[in-house]
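Descriptive structure summary
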Amino acid sequence: MGARAPPTLEEPVATNKNQEREAREARNRLKQYNARQTVHTTQIRRRKRDNVIAIAAVLVVAAAATFLQVSYFTSGPGAPVPSPTATAPAAESVGSVPSPALSENRTWTGSLSLNDVDLAIELDGAAAPQGVASFISDIKNGYLVGKTCHRLVDSPGSAQLIQCGSIDGAGGSDPDYSFGPVENAAADDLYTTGTIALARQEDNGNSQGHQFFITFGDSTFPSDSAGGYTVIGKVTAGIPDLVSKIASGGATTQADKSTPPNIATTITAATIE
């Protein structure tokens, strides 16, 4: 057999070109892959950045809204109008008003007779120490006995009371004896049957003195600028007799608009212990 012919020079040249092309295509593919990865990474970073910015914007808006709302309701037009703090009026006394200590901050029992109609009474020295001290003093020094009951109001469902203790028997106040302010007034302006309370001038809590009233039916007395009326105690027995023997006679309005009971009434006895 004859010898094999040596390869021609064209064969290795073609192989090198194929390798270069493949290498070039590989580089291009790598370059494209890297480019896609870069774009993907950039998009992820941009989304994260946008999310952060969006969250920050929401927080800023929420904070601004909260600030505006708080400002509106604290210092702006929506702020509540402050109401004045209630302060008790200063106590003022005229004459020989006994010390509240005389009440001993305790419950006292006794009796009060109107036209010999006996009423058992109970005084609350803890709730109204100044008023109770004054009433006890009036009993002990004999002021009350002999004084008239100059006013009767009998309006069932509104006011039912008999008022006693004026210095002149006609409702006049003692110019040399008064004290205040109001103590232990009914919180709802309702003075229930049997209430013993101190009378006073309208809008003047320091005009309390010797006069008092007893309700023989539930009564409503609206408070004025001085408050209500000082409740010093209650009648624990005898209201039916008071009604049947005195209040049942009614009252007649006089020219001066006073309403003395038609059955003239006087305090005939008073005791306390």
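Before any of the text, the structure's been laid out above.
Attention here is on the structure that accompanies the text. Quick caveat: nothing in here was measured; it's all calculated off a predicted structure.

Parameters and conventions
Residues numbered from 1 in each chain as written. Predicted model: local features only at pLDDT ≥ 70, side-chain atom pairs only at ≥ 80, totals over all residues. Heavy atoms only, no water. Helix = DSSP H or I, 4+ residues; strand = E, 2+ residues; numbered from the N terminus. Contact = heavy atoms within 4.5 Å. Patch = residues over 30% accessible without salt bridge, like charges linked within 9 Å, V, L, I, M, F, W, Y side chains within 5 Å. Areas by Shrake-Rupley, 256 points an atom, 1.4 Å probe, with all protein chains shown as cover. Salt bridge = Lys/Arg side-chain N within 4 Å of Asp/Glu carboxyl O. Lys, Arg positive; Asp, Glu negative; His and termini not counted. Charge placed at Lys NZ, Arg CZ, Asp CG, Glu CD. Buried < 20%, exposed > 50% of the residue type's maximum accessible area, 1.4 Å probe, protein only. Phe/Tyr/Trp six-rings, centres within 6.5 Å; stacked < 30°, edge-to-face > 60°. Lys NZ or Arg CZ within 6 Å of the ring centre and 35° of its normal. Pairing = 2+ DSSP bridges. Axes fitted to C-alpha atoms, helices over the stretch in contact; angles between N-to-C directions.

**Examining the overall build of the protein**
Looking only at helices and strands, the protein has 3 helices and 10 strands in total. Secondary structure of the protein in N-to-C order comes out as α-β-β-α-β-β-β-β-β-β-β-α-β. The contacts of the protein with a sequence gap of at least 6 include a subset with a gap of at least 24, amounting to 70%.

**Quick word on a positive patch on the surface**
On the surface, Arg21, Arg24, Arg27 and Lys31 cluster together to form a positively charged patch. Within the secondary structure, Lys31 is located in helix H1 (residues 10-74).

**A look at the environment of Phe216**
You can see Phe216 is positioned in strand S7 (residues 212-217). For Phe216, a relative accessible area of 7% translates into the label buried. Note: C-alpha distance between Phe216 and Pro240 (24 residues apart in sequence) is 8.2 Å. Not counting residues within four places of it along the chain, the set of residues in contact with Phe216 comprises Leu152, Val153, Asp154, Gln160, Leu161, Ile162, Thr193, Ile239, Leu242, Val243 and Ala247.

**Some points on the pattern of salt bridges**
One pass over the full model with this rule turns up 3 salt bridges. Close ionic contact of Glu104 with Arg106 constitutes a salt bridge, the shortest N to O distance being 2.6 Å. Of the charged contacts, one joins Asp224 and Arg200 as a salt bridge, the two residues approaching to 2.9 Å between their closest N and O atoms. Linking Asp224 in the loop between strand S8 (219-220) and strand S9 (231-237) with Arg200 in the loop between strand S6 (195-198) and S7, this pair joins segments that are 24 residues apart in sequence. Classification of Arg200 by relative accessible area gives buried; the value is 12%.

**Side note on the packing of aromatic side chains**
All told, the structure shown has 7 aromatic pairs when counted by the stated rule. The structure contains a cluster of three or more aromatic residues connected by ring pairs, namely Tyr191, Phe213, Phe221 and Tyr229. For Arg106, the ring lying beneath its charged end belongs to Trp108, and the centroid distance is 3.6 Å. Its guanidinium or amino end placed over the ring of Tyr143, Lys147 lies 4.1 Å from that ring's centre, counting from NZ or CZ.

**A few points about the sheet that holds strand S3 (residues 149-155)**
Ordered by their spatial adjacency, 8 strands build an open sheet running S3-S4-S7-S6-S9-S2-S1-S10, and the pairing between neighbours is antiparallel. Of all strands in the sheet, those bounded by a partner on one side alone are S3 and strand S10 (267-272). Strand-to-strand twist of the sheet, defined as the mean angle between neighbouring strand axes without regard to direction, takes the value 25 degrees. Sheet topology note: the strand S2 (residues 117-124)/S9 ladder contains 4 bridges and is antiparallel. Of the residues in S9, the one forming a bridge with Glu122 is Lys234.

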